[in-house]
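Residue strings, one per chain:
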Amino acid sequence: MKHTYHIHGMTCNGCKTHVEEALQNVEGVTVVTVDLEKAVVAIEMENHISIDKFQGALASFGGQYSIHKLGEHRHSEEMKMNTPKEVGNGPFYCPMHCEGEKIYEDPGDCPVCGMDLVSEQNIASVSSAQYTCPMHPEIISEGPGSCPICGMELVLMQPERSLEEKNYKKLLKKFWLSLAFTFPIFLIAMSEMLSNNPLYAMMGQANWNWVQFALSIPVVFYTTWIFFERAYRSIRTWNLNMFTLIGIGAGVAWLFSLLGILFPDFFPTQFKTESGSVHVYFEAATVILTLVLLGQVLEAKAHSKTNTAVKELLKLAPNNAVRVVNGQESQVPIDLIQLGDILRVKPGDKIPVDGKITEGVTSIDESMITGEPIPVSKVPGDAVSSGTINGNQSFLMKAEKVGSDTLLSQIIQMVNDASRSRAPIQKLADTVSGYFVPIVIIIAVITFIAWAVWGPEPTYVYALINAIAVLIIACPCALGLATPMSVMVGVGKGAQNGVLIKSAEALETMNKVDTLIVDKTGTITEGKPTVEKVGAVGGNFNENDVLKYIVTLNSQSEHPLAEATLKYAKEQGVETLKVDSFNSVTGKGVEGTVNGKKTALGNTRMMEQVNASHLKEMESESRIYQKQGKTVSYLSVDQKTVGYIVIGDKIKETSANAIKDLQDNGIAVIMLTGDNYETAQAVAGELSLMDFKAEMLPENKLQEVERLQKQGKLVAVAGDGINDAPALAKSNVGIAMGTGTDVAIESAAITLVKGDLQGIVRARNLSNKVMENIKQNLFFALVYNTLGVPIAAGALYPFFGILLSPMIAAAAMSFSSVSVIANSLRLRNAMID
């Protein structure tokens, strides 16, 4: 059991530690996770613990801290002298997932690969509107009001640019500055190829070398200095990466050139030009660094597109809502909405939080969450979700889930978590990358020695140039990005189409699944059962009596069938009786004492458990309904079967097509249901299912999954109820219907928001597309390095006289990573229906 609460009174990491320790000491608590920035705590416990106990644990700090249910604590609306919130400023993670799912609180470089950390897109930074005074911008308020200095009405602030965008702009500015200094160096160096160099008429080559040196200083020590910092850090920590190679390659070229102009007499003749000055490579070093910087700029731009799906979801989160109190409407920030608040949603508005309609009818566009383009009609009592868009009718709703508990928040969090997870196929890239950089350095050393010994004159010049080319062209970055980029884009694509994936492992495994187990009620069927008949078998009970006893027992049950009977009884005006000793028997039914009589309601197994008589007579009368695919529950009073109730549940329109698509693609679909054989057979026949099993208890479903797995099958299970949770957890891939219970969703690796079997087809197709994309990325990265390094080393020179300039190698290296990201971005347009 896991609950999230708001903690009031925390101001620093010391407060965070105090709260964690106090709550961790409460008996029954297993895990406590405090988020200081969001002022929330997630508490995992063995059984439900009242909030009063947690408050008591915090009382030892003199009332400094208090704990509240999300949405119940009104934040202070006092004016604050602070800085406005920025969008997407953390937490941060490495795009190559070098340390798995680890996240960082502050921006910077990955300590392993050296790449810029990427900020996670989260709803907290955009859902909280802030207001400021036009005359006094230092005044920041969490809500509307008047300026305490001049009295002017506060206006809504526009959020600042995201840190991600700021980093891109910063890199772009440095690139243009670097280009401005590098281009003259390049022109000076290339002018040496002219027979009558006009520059040498102005001054000698040695002086132009000093000019190149001066121009290179801003490039080396400012615009691209970060590369050398990362290279030094990688060597110091022995986390060798692409910046190790760049730092060594460009650094050697620049230092060699500097020594050449400072101590020209130290170098042998073959390193010198006709004028006697040493050949310098300032142009190679600066062009290499500038091209690598260009690659970083393009990567930063491309990275911003990989989480487009989350950004689009974030746009759905409204900043304000209209709250209705005693008939008076007022606009309030989304953060101030509490559980139970009545909200007015006007035509065209985004729905602010999750809840139920209390007054009015409308149609709502839910396509951004379910992927279905057709608006859904809503009436009082229907649920609505945050971020969906109201049609052309106004209505009132009651807030039932706020903050991080809303469906939109959970979708965004699930997408973020899945994007940071590692797919098993990434182990291959990790293994190769671990040996890659040391091997490249060794190859560069061998290249230098080989050219120095067997190369043409000037041997050392050729040796130096080719060794640098080897270092520069090698790019472990492309290999490291191959898997996480595809996963990130794929998970986002799924979220936009109503397929929520908890981990990259589930996404990869779904590609290999060969057996799918599906539940009937709520999975194949709509899960909206209706009562079609109530029957009595003579004696002292008529149909009205039977219904009254059934309703009395079901008033204590949360099963969908129970809800159907309660709704039907309400329409018929039937009142409930008193029930004692109520007990729910999973997979069988319910029992209790009604008016002093031992009463049971359920399937055949339930009747057998209570030793009810006259069951055979009842079964013969109800079998005709079961053959039509209806569900029949029996009622026994004092161990005698006295009646039954027939409940129908319509098969979803998409179930037949989805099952056919899956079977046509080689997946064996098996229906396991707790219903009787005749009902299961009727449903299986209508759907052309090859295999099914009826009267399955939760433990039977679990055993069936284990049996298939022992046969070497990769099993996916789709279900929506508590009775499906064990099988979902045991399966290779658990698929929960988003319309089902929280327990089922928590046990599953994939959740279908709409609760539709067509979502399984989408999940399967998405998995196929992502795995194909990952393999393409790995192929490109591996082939690129396999071919690039030997060419840079001079493997083609003996046959074709071809050598690879370090500058061309730098351009190729920079664009290799960008090409991997660009290929991953193609998934955004993939067809998965």
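Note that the coordinates shown come from a computational prediction; the quantities given were computed from them, not determined experimentally. Along each chain, residues carry numbers from 1 onward, in the same order as the chain's sequence is written. In keeping with the predicted nature of the model, local features appear solely for residues at pLDDT of at least 70, side-chain atom pairs appear and are counted solely at 80 or more, and the whole-chain, interface and lining totals rest on all residues. With hydrogens and water stripped out, all remaining heavy atoms of the structure feed into the side-chain values.

Enquirer: What am I meant to see in the overall build of the chain here?
Expert: Runs of H or I in DSSP of at least four residues are treated as helices and runs of E of at least two as strands, each being numbered from the N terminus. If you tally the helices and strands in the chain, you get 29 helices and 32 strands. Put simply, 68% of the contacts in the chain that link residues at least 6 apart link residues at least 24 apart. Contacts are assigned to residue pairs that have any heavy atoms within 4.5 Å of one another.

Enquirer: I keep staring at the pattern of salt bridges and nothing clicks. Help me out?
Expert: Where charged atoms from two side chains of opposite charge come close, those side chains can pair. For salt bridges, the criterion is a side-chain nitrogen of Lys or Arg within 4 Å of an Asp or Glu carboxyl oxygen. All chains considered together, the criterion is met by 13 salt bridges. Note that E532 and K630 form a salt bridge whose closest N and O atoms lie 3.1 Å from each other. Of this pair, E532 sits in strand β22 (residues 530-536) while K630 sits in the loop between α21 (615-626) and β26 (631-637), and the two are 98 residues apart along the sequence. With a 1.4 Å probe rolled over the protein chains alone, any residue whose accessible area is under 20% of its type maximum counts as buried; one over 50% counts as exposed, and the rest are partly exposed. According to the relative accessible area criterion, E532 is partly exposed, its value standing at 44%. Accessibility expressed as a relative area gives 19% for K630, which makes it buried. Between K660 and D664 there is a salt bridge, and its shortest N-O distance comes to 2.9 Å. Of this pair, K660 and D664 both sit in helix α22 (residues 655-664), four residues apart, roughly one helical turn. Accessibility expressed as a relative area gives 49% for K660, which makes it partly exposed.

Enquirer: How do you make sense of the sheet that holds strand β31 (residues 733-737) when you look at a structure like this?
Expert: Where strands meet in a sheet, backbone hydrogen bonds hold them as pairs that are either parallel or antiparallel. Should DSSP find at least two bridges between two strands, the strands are regarded as paired. Read from one edge of the open sheet, seven strands run β20-β32-β31-β30-β21-β28-β29, paired in mixed fashion. Looking along the sheet, the strands with just one partner apiece sit at the ends: β20 (499-501) and β29 (691-693). Taking each pair of neighbouring strands and ignoring which way they run, the sheet shows an average axis angle of 20°. Axis geometry follows a simple rule: fit a line to the C-alpha atoms, using only the stretch in contact for helices, then measure angles between N-to-C directions, giving values from 0 to 180 degrees. Sitting on the sheet, helix α23 (residues 677-687) touches β28 (668-672) and β29, and the angle it makes with β29 is about 160°.

Enquirer: How do you make sense of the sheet that holds strand β13 (residues 342-345) when you look at a structure like this?
Expert: The six strands lie next to each other as β12-β11-β13-β19-β14-β17, forming an open sheet whose pairing is antiparallel. Bordering the open sheet on either side are β12 (328-333) and β17 (383-384), each of which pairs with just one other strand. Pairing geometry for strand β14 (residues 354-359) and strand β19 (residues 395-401), over five bridges, is antiparallel. Within β19, the residue paired with K356 across the bridge is K398.

Enquirer: Can you help me understand the pairing of strand β21 (residues 515-518) in this one?
Expert: Successive side chains on a regular strand alternate, one facing one side of the sheet and the next facing the other. In β21, alternate side chains face the same way, and those of T515 and I517 on one face and L516 and V518 on the other are all buried. Two elements, β21 and strand β30 (residues 715-719), share four bridges in a ladder whose sense is parallel. By the bridge assignment for β30, L516 is matched with A716.

Enquirer: Can you walk me through the confidence of the model for the chain in this structure?
Expert: Segments scoring low in pLDDT should not have their predicted coordinates read at a detailed level. Averaged over all residues, the pLDDT of the chain is 81; the fraction at 70 or higher stands at 87%. The secondary-structure element of the chain with the lowest mean pLDDT is strand β5 (residues 80-81), recorded at 34, while β13 shows the highest, at 94. Across residues 73-88, where pLDDT falls below 50, the model places 49 contacts with residues more than four positions away in sequence or in other chains. Per-residue confidence from the prediction method is given by pLDDT, with values spanning 0 to 100.

Enquirer: Help me understand helix α6 (residues 205-223), please; the structure alone is not making it clear to me.
Expert: In an α-helix, one turn spans 3.6 residues; hence positions three or four apart end up facing the same way. One less than the number of residues in a helix, times 1.5 Å, gives the span that helix is expected to have. Given a rise of 1.5 Å per residue, 19 residues ought to cover 27 Å, and the 27 Å separating the end C-alpha atoms of α6 matches this to within 8%. The angle separating two fitted axes, one through the seven residues that finish at a residue and one through the seven that start at it, defines the bend at that residue. S216 marks where α6 bends most, by close to 35°; the proline P218 follows one to four residues later. Turning to α6, its buried residues are Q205, W208, N209, Q212, F213, L215, S216, V219, V220 and T223.

Enquirer: How should the environment of E20 be read in this particular structure?
Expert: Assignment of secondary structure puts E20 in helix α1 (residues 13-24). Taking the relative accessible area as the measure of exposure, E20 reaches 25% and is therefore partly exposed. Once the C-alpha coordinates of E20 and V41 are considered, the two residues, 21 residues apart in sequence, prove to be 8.4 Å apart. Setting aside residues up to four positions removed in sequence, E20 forms contacts with V32 and V34.

Enquirer: Would you explain a nonpolar patch on the surface in this entry?
Expert: A cluster of nonpolar side chains, V445, F448, I449, V453, W454 and Y460, forms an exposed patch at the surface whose accessible area comes to about 640 Å². Top element by residues in the nonpolar patch is helix α13 (residues 426-454). It accounts for five residues. Tracing the chain through its elements places I449 in helix α13. A patch consists of residues whose relative accessible area exceeds 30% and which take part in no salt bridge; residues with like charges are grouped when within 9 Å of each other, and nonpolar side chains (Val, Leu, Ile, Met, Phe, Trp, Tyr) when within 5 Å. Per-residue accessibility takes into account occlusion by the displayed protein chains alone, with areas from the Shrake-Rupley method and a 1.4 Å probe.

Enquirer: Looking at this structure, how should I read unusual backbone geometry?
Expert: Peptide bonds are mostly trans, and most non-glycine residues show a negative phi. Note the cis peptide between E457 and P458, where omega equals -10°. On the secondary structure map, P458 appears in the loop between α13 and α14 (459-473). Residue N611 is not a glycine yet carries a positive backbone phi of 55°. Tracing the sequence through the fold places N611 in the loop between α20 (604-609) and α21. Classification of N611 as exposed rests on a relative accessible area of 56%.

Enquirer: Explanation requested: the side chain of K378 in the structure shown.
Expert: If you trace the backbone, K378 turns up in strand β16 (residues 376-378). Judged by relative accessible area, K378 falls into the buried class, the value being 10%. Pairs of N or O atoms are called polar contacts if they sit within 3.5 Å, as long as, within protein, a hydrogen donor faces a hydrogen acceptor (for residues adjacent in sequence, only side-chain-to-side-chain pairs). Polar contacts involving the side chain of K378 include one to the main-chain carbonyl oxygen of A383, which spans 2.9 Å. In this structure K378 touches I357, G360, V361, T362, I364, E366, A383 and V384, once residues within four positions along its chain are discounted.

Enquirer: Would you mind going over the packing of aromatic side chains with me for this structure?
Expert: Ring pairs (aromatic) are described by centroid distance and by the angle formed between their planes. Two rings belonging to Phe, Tyr or Trp (six-membered ring only in the last case) form a pair when the distance between their centres is within 6.5 Å. Interplanar angles under 30 degrees mark stacking, angles over 60 mark edge-to-face geometry, and anything in between is tilted. Summed over all chains, the structure comprises 19 aromatic pairs. Consider the rings of F221 and W254, whose centres lie 5.5 Å apart with planes at 75°: the pair is edge-to-face. Highlighted residues: F221 in helix α6 and W254 in helix α8 (residues 242-262), separated in sequence by 33 residues. On the basis of relative accessibility, which here comes to 7%, the residue W254 falls in the buried class. The criterion for a charge sitting over a ring is simple: Lys NZ or Arg CZ within 6 Å of the ring centre, and within 35 degrees of the ring normal. The ring of Y222 carries K174 above its face, with NZ or CZ at 5.2 Å from the centroid.

Enquirer: Help me understand the nonpolar core, please; the structure alone is not making it clear to me.
Expert: Soluble globular proteins: nonpolar side chains tend toward being buried together. L516, I524, M671, I735, I750 and I760 are the most contacted members of the largest nonpolar core, which has 131 residues in total. It is helix α27 (residues 758-793) that contributes the most residues to this core, 13 residues altogether. When residues no more than four places from it in sequence are discounted, the contact partners of I524 are V518, D519, I651, K652, S655, I659, M671, V683, L687, L689 and L757. Put simply, a nonpolar core is a bunch of buried Ala, Val, Leu, Ile, Met, Phe, Trp, Tyr and Cys residues held in one set by side-chain atoms that sit within 4.5 Å of each other. By size, the runner-up hydrophobic cluster in this structure holds 21 residues, among which are V531, F541, V551 and A569.

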